[in-house]
Number of protein chains: 2
Amino acid sequence: MAEIAVMGLGTVGTGVVKIISDNAGIISKKLGEPLQVRTILVRRFRDGPYRHLCTDDFSKIENDPAIRVVVETIGGVDAAYEYTRRCLEAGKHVVTANKQLIAERGCELLELARKKNIKYLFEASVGGGIPILHPMLECLAANRIDEVYGILNGTTNYILTRMVRTGAFFSDALREAQRRGYAEADPTADVDGIDAGRKICVLGDLAFGHQIDPESVPMEGISKLSLRDVKIANRAGYRIKLLGRALRLGPENGFESGSRTAYVAPHLIPESMPIANVEDVFNAIVVRGNAVGEVMFYGRGAGEMPTASACVSDVMECLSSWGEAPLWSPDVSGFENPLKLRCRHYFRIEGSLTDAAMAFGQVEVLSEDGETAFLTEPVTGLDAKKRAEKLNVLSCLRVLS
Amino acid sequence: MAEIAVMGLGTVGTGVVKIISDNAGIISKKLGEPLQVRTILVRRFRDGPYRHLCTDDFSKIENDPAIRVVVETIGGVDAAYEYTRRCLEAGKHVVTANKQLIAERGCELLELARKKNIKYLFEASVGGGIPILHPMLECLAANRIDEVYGILNGTTNYILTRMVRTGAFFSDALREAQRRGYAEADPTADVDGIDAGRKICVLGDLAFGHQIDPESVPMEGISKLSLRDVKIANRAGYRIKLLGRALRLGPENGFESGSRTAYVAPHLIPESMPIANVEDVFNAIVVRGNAVGEVMFYGRGAGEMPTASACVSDVMECLSSWGEAPLWSPDVSGFENPLKLRCRHYFRIEGSLTDAAMAFGQVEVLSEDGETAFLTEPVTGLDAKKRAEKLNVLSCLRVLS
């Protein structure tokens, strides 16, 4: 009998308890012993099927030698950090879906776990139930990872999908997402790209083996995105998606060897690329390795059962011999400003084609009807900004290629 | 220093040696020691950069205690089986991309590896470089896997893509695939669904934990597929793809609990499903778990470097502590005839709509121009066959839903 604790009984925590009960037979067969939830840490007691397991006293978990793994689904940094640290100190494996904690304090907590010779696993922190961290680290181990990018936030992807399909304005699509429970009452972390930003930090940390400081990652969301751009892009054979991207940089693109960057921003994506067709609340993450090329991982990036699926699988990994805890260096040097990256840019301006050509030379015209929308040749973000200084810019987006 | 041997120096074997050389720094950093190819088994000596490592004497590998891992890229069953068995007997880990050997003798070889407490890994046998076997077994460990299906053969997917995009006939598209090196001179194993069949056996073995006998898996390819059907399906919002499918069966669909089935056949897929948009030589595999829902893995399913990427990553897993060898039971009982599965069917017949309605009751008409094409309500394959007995059937395909 393997016994665990769950800290926090929100959406993911409840899912964890449910899966352990629903799939008890399968889990026990794979583990070689039954898995059972022994204690659940809550802030407030509520009636329900798990009432008898609940406590509001963390020391009941910290000091219980029977508890071998603790699932942290508290969220945020303060209490989650404190309890995680103490669980690890007490020699208990910890599993989490908490991307904020991993992005901000993961390096330190992983080092503590390594010292204690236990595991701190967080597959659920990126892409919900989609396997991405383990496959990237293990199945692609022979590769130099050159880039990771993806649709990392289901709420914003749902909103963008509504805008494309039904021509809804951002504000209306957001309200619909809230009505359906896909967006929270305060949607800031989602629509401003903060959630995606934390996830791209975790992906970048692991892909490149260096801490990426979330503070240095520019995060742009979709709240300023205009329906006009969505329509022009669509007609020209592109889809607009909010992407998190982390890239290895080197002499081949004019940077120091070993440097890297990361950012979150809406992009135009050619509709022929599979990631352009990832719709609704689905997520997809693309990893580019120097041997394997591009591989993509797709599925439900959030939700009770998918996210809990990843947590419970991580619990099983803690209890068996498979898997090895990932690690990265706390050294943040070598992080470059993503505005130094070169790519095609989409502009919509109040002005004429002549204005566009004056600023950018040759451009590909997408629309001239009322306003002017065009694609530039590949330029750096800094250069694009500078050239556009004298233009009356209505929108500016990167093009993924 | 970790030393390995490579058996066979064809496409994949050459890729393995190349990656170990190209990515030496990365691999050594992750492993904690350098990785080096010590011996290469070949049938005929050829000049080249690896000439000094080559031998045609298997005992040089079998009896060399310095060799810790052997990569088998011989292919087929006879010599590959014999040498793999002897390497495992000699206590050496073995890594392979050989789907035929895994599908036919994997169960026995894995049992031998388990007894010897070493690893026999084969991530590269399905989906080339796409991580699929490890993620399914480890990251989705908390799930009951209910279904695995996918585009498992790049050659046939390339041919189908050409037929859709350019309206090419099957024979012309095949010739183009051969010209580009995507299809072999004898394309039988690809176009007749045999290659996909071996892969779906491996996926099914692992998903359900029971040996699937390749002999009992109906394999239908694309050689009889008509351009007419491709066009009708396309116009109606479907794509035709060759799918391998393995399904868990149970009382909920009228079968004994714990039974399963598998087959390979072309399917109509609604264009809104991401797998419908997997084009050219790309592969994609969908896994449906009872907690995670559907997740999809996408990338290059073949080729020198992608397949070698998976092999070398498996080698690294053998040499480190991560990962656990998969296992399944040799018991094949509970395998059901896939014709008992219920789904919508696409028919094209020489005859009228009245004939169609007489046989199938209500149908959805897709075309009446010259011939009659329609979709049935969900029926079993056996039932569809029986009802269509009196019709003059030009084509019959399953619809994925």
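For clarity, every value in this text was computed on a predicted model and none was experimentally measured.

1. Topic: the overall build of chain A
Counting its secondary structure elements, chain A contains 14 helices and 17 strands. If you line up chain A on its principal axes, its C-alpha atoms span 75 × 45 × 35 Å. Put simply, chain A has 401 residues, and 59% of those count as buried. Across chain A, the fraction of contacts at a sequence separation of at least 24, relative to all contacts at a separation of at least 6, is 73%. Carbon and sulfur atoms provide 47% of the accessible area of chain A, an area that totals close to 15,700 Å².

2. So, the environment of glutamate 72 of chain B
Residues and elements named next belong to chain B. Turning to its location among the elements, glutamate 72 is positioned in strand 4 (residues 67-72). Each C-alpha atom, one on glutamate 72 and one on leucine 9, is 9.6 Å from the other, the two residues being 63 residues apart in sequence. In contact with glutamate 72, other than residues within four places in its own chain, are Met7, Ala80, Thr84, Val94, Val95, Thr96, Ala97, Asn98 and Leu101. A polar contact is formed between the side chain of glutamate 72 and the side chain of threonine 96, at a distance of 2.8 Å. Engagement of the side chain of glutamate 72 in a polar contact is seen with the side chain of asparagine 98, the distance being 3.3 Å.

3. Let's talk about the packing of helix 4 (residues 78-89) of chain B against helix 5 (residues 99-116) of chain B
Residue and element names in this part refer to chain B. Put simply, helix 4 and helix 5 touch, their axes get as near as 10 Å, and they point 10 degrees apart. The angle between helix 4 and helix 5 falls in the class roughly parallel. In this structure, helix 4 uses Ala80, Tyr81, Thr84, Arg85, Leu88 and Glu89 to contact helix 5, whose residues at the interface are Leu101, Arg105, Glu108, Leu109, Leu112, Ala113 and Lys116. Considering only residue class, the contact of helix 4 with helix 5 consists of seven nonpolar, one polar and five charged.

4. Overview of the relation of the copies chain A and chain B
When chain A is fitted to chain B, the best match, at an RMSD of 0.0 Å, comes from turning it 180 degrees and sliding it 0.0 Å along the axis. On this basis, the relationship between the two copies can be described by a two-fold rotation axis. Residue by residue, 98% of the interface of chain A is reproduced at the interface of chain B, so both copies engage with the same surface.

5. Examining the pairing of strand 15 (residues 372-376) of chain B
For a regular strand, side chains alternate in direction, first toward one face of the sheet and then toward the other. Residue and element names in this part refer to chain B. For strand 15, the buried fraction is high: five of the five residues fall into the buried class. Inspection of the sheet shows strand 13 (residues 345-349) paired to strand 15 by four bridges, in the antiparallel sense. Looking at strand 15, one finds that arginine 348 is bridged to alanine 373. In this structure, strand 14 (residues 363-367) lies alongside strand 15, joined through four bridges in antiparallel fashion. Paired with glutamate 364 across the bridge in strand 15 is leucine 375.

6. Some details on the sheet that holds strand 4 (residues 67-72) of chain A
All names here are of chain A. Taken together, the six strands give an open sheet; going across it, the order is 3-2-1-4-5-6, and neighbouring strands pair in parallel fashion. Two strands close off the open sheet at either side, each with one partner strand: strand 3 (54-55) and strand 6 (120-121). The sheet contact formed by strand 1 (residues 2-7) and strand 4 spans five bridges and is parallel. Paired with isoleucine 4 across the bridge in strand 4 is valine 69. Packing against the sheet, helix 1 (residues 11-22) makes contact with strand 1, strand 2 (35-41) and strand 4, and its axis sits at approximately 155 degrees to strand 2. Lying on the sheet, helix 12 (residues 304-319) is in contact with strand 1, strand 2, strand 4, strand 5 (93-96) and strand 6; it crosses strand 4 at an angle near 155 degrees.

7. What to know about the pattern of salt bridges
Residues and elements named next belong to chain A. For the coordinates displayed, the defined rule picks out 56 salt bridges over all chains. Between lysine 241 and glutamate 279 there is a salt bridge, with the nearest N and O atoms lying 3.5 Å from each other. One end of the pair, lysine 241, is in strand 8 (residues 238-248); the other, glutamate 279, is in the loop between strand 9 (260-270) and strand 10 (282-289), with 38 residues separating them in the sequence. With a relative accessible area of 2%, lysine 241 lands in the buried category. Here glutamate 364 ties to arginine 344 by a salt bridge, and the two come within 2.9 Å at their closest N and O atoms. Separated by 20 residues along the polypeptide, glutamate 364 in strand 14 (residues 363-367) and arginine 344 in the loop between strand 12 (342-343) and strand 13 (345-350) bring together distant segments of the chain. Glutamate 364 sits in the partly exposed class, given a relative accessible area of 36%. Sharing partners across several salt bridges, the network here consists of Glu62, Glu82, Arg85, Arg86 and Glu89.

8. A look at the sheet that holds strand 6 (residues 120-121) of chain B
Residues and elements named next belong to chain B. The strand order across the open sheet formed by six strands is 3-2-1-4-5-6, and the pairing between neighbours is parallel. The sheet terminates laterally at strand 3 (54-55) and strand 6, the two strands that pair on one side only. Here helix 12 (residues 304-319) sits on the sheet in contact with strand 1 (2-7), strand 2 (35-41), strand 4, strand 5 (93-96) and strand 6, set at roughly 155 degrees to strand 4.

9. Points about unusual backbone geometry
Of note, the phi angle at aspartate 280 of chain A is positive, near 55 degrees, even though the residue is not glycine. The residue aspartate 280 of chain A is located in the loop between strand 9 and strand 10 in this model.

10. Let's talk about the nonpolar core
One finds Leu203 of chain A together with Leu203 of chain B to be the most contacted residues of the largest nonpolar core, which totals 157 residues. Leucine 203 of chain A has contacts with Val126, Ile132, Leu133, Met136, Val148, Leu152 and Ile285 of chain A, leaving out every residue within four places of it along the chain.

11. Concerning the confidence of the model for chain A
Per-residue confidence for chain A gives a mean pLDDT of 92; residues scoring 70 or more make up 98%. Two numbers describe this predicted complex: its pTM, 0.90, and its ipTM, 0.88.

12. Topic: the packing of aromatic side chains
Following the criterion strictly, the structure yields 15 aromatic pairs over all chains and no others. With centroids separated by 5.9 Å and ring planes inclined at 55 degrees, the aromatic side chains of phenylalanine 360 of chain A and phenylalanine 374 of chain A adopt a geometry described as tilted. Of this pair, phenylalanine 360 of chain A sits in helix 13 (residues 353-360) while phenylalanine 374 of chain A sits in strand 15 (residues 372-376), and the two are 14 residues apart along the sequence. Judged by its relative accessible area of 6%, phenylalanine 360 of chain A is buried. Between phenylalanine 282 of chain B and tyrosine 298 of chain B the ring centres are 5.2 Å apart and the planes differ by 5 degrees, which places this aromatic pair in the stacked class. Taken together, the residues span a long stretch of sequence, with phenylalanine 282 of chain B in strand 10 (residues 282-289) and tyrosine 298 of chain B in strand 11 (residues 293-300) at a distance of 16 residues. Overall, the relative accessible area of 18% leaves phenylalanine 282 of chain B in the buried class. Through a chain of ring-to-ring contacts, the aromatic side chains of Phe347, Phe360 and Phe374 of chain A assemble into a single cluster. For the cation-ring pair, arginine 105 of chain A lies above tyrosine 81 of chain A, with the distance from its terminal atom to the ring centre recorded as 4.0 Å.

So, how was this worked out
- Residues numbered from 1 in each chain as written.
- Chains lettered and ligands numbered in written order.
- Predicted model: local features only at pLDDT ≥ 70, side-chain atom pairs only at ≥ 80, totals over all residues.
- Heavy atoms only, no water.
- Helix = DSSP H or I, 4+ residues; strand = E, 2+ residues; numbered from the N terminus.
- Buried < 20%, exposed > 50% of the residue type's maximum accessible area, 1.4 Å probe, protein only.
- Contact = heavy atoms within 4.5 Å.
- Areas by Shrake-Rupley, 256 points an atom, 1.4 Å probe, with all protein chains shown as cover.
- Polar contact = N/O pair within 3.5 Å; in protein donor to acceptor, adjacent residues only side chain to side chain.
- Axes fitted to C-alpha atoms, helices over the stretch in contact; angles between N-to-C directions.
- Parallel < 35°, antiparallel > 145°, perpendicular 65-115°, else oblique.
- Nonpolar A, V, L, I, M, F, W, Y, C, P; charged D, E, K, R; others polar.
- Least-squares fit on C-alpha atoms with pLDDT ≥ 70 in both.
- Pairing = 2+ DSSP bridges.
- Salt bridge = Lys/Arg side-chain N within 4 Å of Asp/Glu carboxyl O.
- Core = buried A, V, L, I, M, F, W, Y, C linked by side-chain atoms within 4.5 Å.
- pLDDT = per-residue confidence, 0-100.
- Phe/Tyr/Trp six-rings, centres within 6.5 Å; stacked < 30°, edge-to-face > 60°.
- Lys NZ or Arg CZ within 6 Å of the ring centre and 35° of its normal.

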